[in-house]
Amino acid sequence: MAQPIPRSFFCPCPRGLEVVLAEELQEIAAQSSTLKVHNQVPGGVHCSGILSDAYRINLHTRIASRVLMRMAHGSYSNENDIYDMALAQPWEDWFAVGNTIRVDVTAIKSPLKSLEFTTLKIKDAIVDRFRDFCGDRPSIDTRTPDMRIVGFVDQRHFTLYLDTSGEPLFKRGWRQETGDAPLRENLAAGLLRAAGWKPGMILLDPMCGSGTIIAEAAQMLAGIPAGANRSFAFERFKGFADEEWQAIRNAVKRPALPTTPTIFGSDISGDMIVMTRNNLASAGITFDIPLKQIEAQEIKPPTGVPGIILTNPPYGERIDVRGDATQAEDEMATAFFSAFSTTLKQRFAGWQVFLFSADLGLPKMLRLKESRKTPFFNGALECRLFKFEMVAGFNRREQSKPVDG
């Protein structure tokens with residue numbers, strides 16, 4: 001029996017999550033003798049293995065955006081070199097002429113004048129290859145293609161990938177509804193890991209919105225893989241090994257479900273609480289996650305054991321549901337965060353608080369000094385994950401006289 005061919009993969013992720021993605025991939029690699037994790041680069045992690053390792057990563061990764069399989073890599077001087085490289089690849093071995101395709105190209109410091117023209121040359125090469133081999137050509141579908149081909153160009157080199165994922169991996173298949181500005185699921189999962197949260201630890205999201213952070217944590221606690229509820233592009237590959245895929249799915253071991261709650265959420269909006277409940281049900285969560293409709297300034301610790309607060313607080317127009325819409329936005333934000341800060345200091349001694357925000361002046365509004373700030377990108381938006389240690393004694397230092405017990 002022929003040995004499976006080793007392949008190179010690239011797993012892109014939201015910028016800032018490369019370190020935690022590499023950690024996660026190492027954990028996935030512990031289940032496989034062939035999957036190896038290599039170097040991190042801005043925006044992703046390189047790894048290698050056999051094709052079934054791509055199945056495994058797609059099922060289990062909570063942080064990668066896609067799993068791209070490298071088809072070709074080489075130097076170029078113009079678009080014709082890129083056309084020749086794309087034409088030389090055996091696309092007909094991977095998918096049928098009846099499959100629809102889409103081509104995307106990204107570049108860093110490329111001397112090429114037009115990425116659109118480069119994209120067109122790659123499309124032409126794939127179409128010409130199929131015409132030569134099959135006498136027919138695949139159709140282009142930019143909205144819901146069967147196959148995505150991804151090109152990456154830098155100053156001297158061109159890399160061509162076939163996407164094994166299909167829809168981006170942050171689309172887990174459970175999200176029924178979203179709030180105004182939902183976090184993507186893979187960013188939420190990355191923030192949980194960056195905050196040091198692990199299943200079994202106490203977690204509270206006091207501004208939970210549609211519940212993305214809570215749902216990701218709950219699936220981790222329940223041992224539900226990120227890709228359990230969706231399909232993937234590799235299932236349409238020629239020679240797709242369905243038995244191997246089913247074996248990887250069946251190897252998932254589910255831990256015992258918790259008997260007492262460890263994950264808690266709240267939001268000022270009753271509609272958001274309903275949305276979170278619906279999303280949790282859709283994500284396969286059958287155990288109790290207490291959710292409260294309450295203003296963030298009014299929260300109390302849900303347990304006697306300190307834990308982690310992780311939340312994506314509102315900013316800009318999202319804050320006006322928390323106050324008087326006639327008030328100036330910055331005044332409202334300052335008043336809100338000042339009150340929230342007082343609550344944290346008075347009630348949450350011993351907790352670690354992580355706030356993810358695009359507002360880099362957030363610590364100043366909270367009147368707190370962060371112990372760490374980690375840069376991340378939410379799409380094109382530069383954000384920070386601020387960490388605050390709620391040490392005992394905050395409240396005493398803030399009072400001018402002792403408080404009666």
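The preceding data block contains the structure.
These figures come from a predicted structure and were not determined experimentally. (Residues numbered from 1 in each chain as written. Predicted model: local features only at pLDDT ≥ 70, side-chain atom pairs only at ≥ 80, totals over all residues. Heavy atoms only, no water.)

Student: Lay out the overall build of the protein with the relevant residues and their values.
Tutor: Helix and strand content of the protein: 12 helices and 14 strands. For 405 residues, the compact-globule estimate of 2.2 N^0.38 gives 22 Å, and the C-alpha radius of gyration of the protein, at 24 Å, lies within 12% of that figure. Counting only C-alpha atoms, the protein reaches 85 × 50 × 35 Å along its principal axes. Going through the 405 residues of the protein one by one, you find that 51% of them count as buried. Across the protein, every contact between residues at least 6 apart in sequence was considered, and the portion connecting residues at least 24 apart equals 77%. As presented, the protein carries roughly 19,000 Å² of accessible surface, and 49% of it is formed by carbon and sulfur atoms. Between the centroid of the 47 positive side chains of the protein and the centroid of its 47 negative side chains there is a distance of 5 Å. (Helix = DSSP H or I, 4+ residues; strand = E, 2+ residues; numbered from the N terminus. Rg over C-alpha atoms; globule rule 2.2 N^0.38 Å. Buried < 20%, exposed > 50% of the residue type's maximum accessible area, 1.4 Å probe, protein only. Contact = heavy atoms within 4.5 Å. Areas by Shrake-Rupley, 256 points an atom, 1.4 Å probe, with all protein chains shown as cover. Lys, Arg positive; Asp, Glu negative; His and termini not counted. Charge placed at Lys NZ, Arg CZ, Asp CG, Glu CD.)

Student: Can you break down the packing of aromatic side chains residue by residue, with the values?
Tutor: A complete count under the given rule lists 16 aromatic pairs for this structure. Geometrically, the ring pair formed by Tyr55 and Phe234 is stacked, given 4.4 Å between the ring centres and 20° between the ring planes. One end of the pair, Tyr55, is in helix α2 (residues 51–60); the other, Phe234, is in the loop between α7 (212–222) and α8 (242–250), with 179 residues separating them in the sequence. Following the ring pairs from residue to residue traces out a cluster consisting of Tyr55, Phe232, Phe234, Phe240 and Trp245. Sitting over the ring of Phe377, Arg15 keeps its end group 3.9 Å from the ring centre. A cation over an aromatic ring shows up here: Lys121 above the ring of Tyr83, its NZ or CZ 5.3 Å from the ring centre. (Phe/Tyr/Trp six-rings, centres within 6.5 Å; stacked < 30°, edge-to-face > 60°. Lys NZ or Arg CZ within 6 Å of the ring centre and 35° of its normal.)

Student: Talk me through the side chain of Asp205; I want residue IDs and the actual numbers.
Tutor: With respect to the secondary-structure elements, Asp205 resides in strand β8 (residues 203–205). Look past the residues within four positions of Asp205 in its chain and what remains in contact with it is Ile213, Ile214, Phe264, Gly265, Ser266, Leu310 and Thr311.

Student: How would you explain the side chain of Arg384 if you had to name every residue and give the values?
Tutor: Inspection of the secondary structure assignment puts Arg384 in strand β14 (residues 381–389). Arg384 gets classed as buried once you look at its relative accessible area, which sits at 17%. Among the polar contacts listed, one links the side chain of Arg384 to the side chain of Glu382, at a separation of 3.0 Å. Contacts of Arg384, omitting those with residues within four sequence positions, involve Leu355, Phe356, Ser357, Leu360, Lys373, Thr374 and Pro375. (Polar contact = N/O pair within 3.5 Å; in protein donor to acceptor, adjacent residues only side chain to side chain.)

Student: Requested: an account of unusual backbone geometry, with residues and values cited.
Tutor: Positive phi is not limited to glycine here, since Lys109 has a value of about 55°. Mapped onto the secondary structure, Lys109 falls in the loop between β5 (101–107) and α5 (115–134). Using a relative accessible area of 67% as the deciding quantity, one classes Lys109 as exposed. Positive phi, close to 55°, is recorded for Arg367, a residue that is not glycine. Residue placement: Arg367 occurs in the loop between α11 (362–366) and β13 (372–378).

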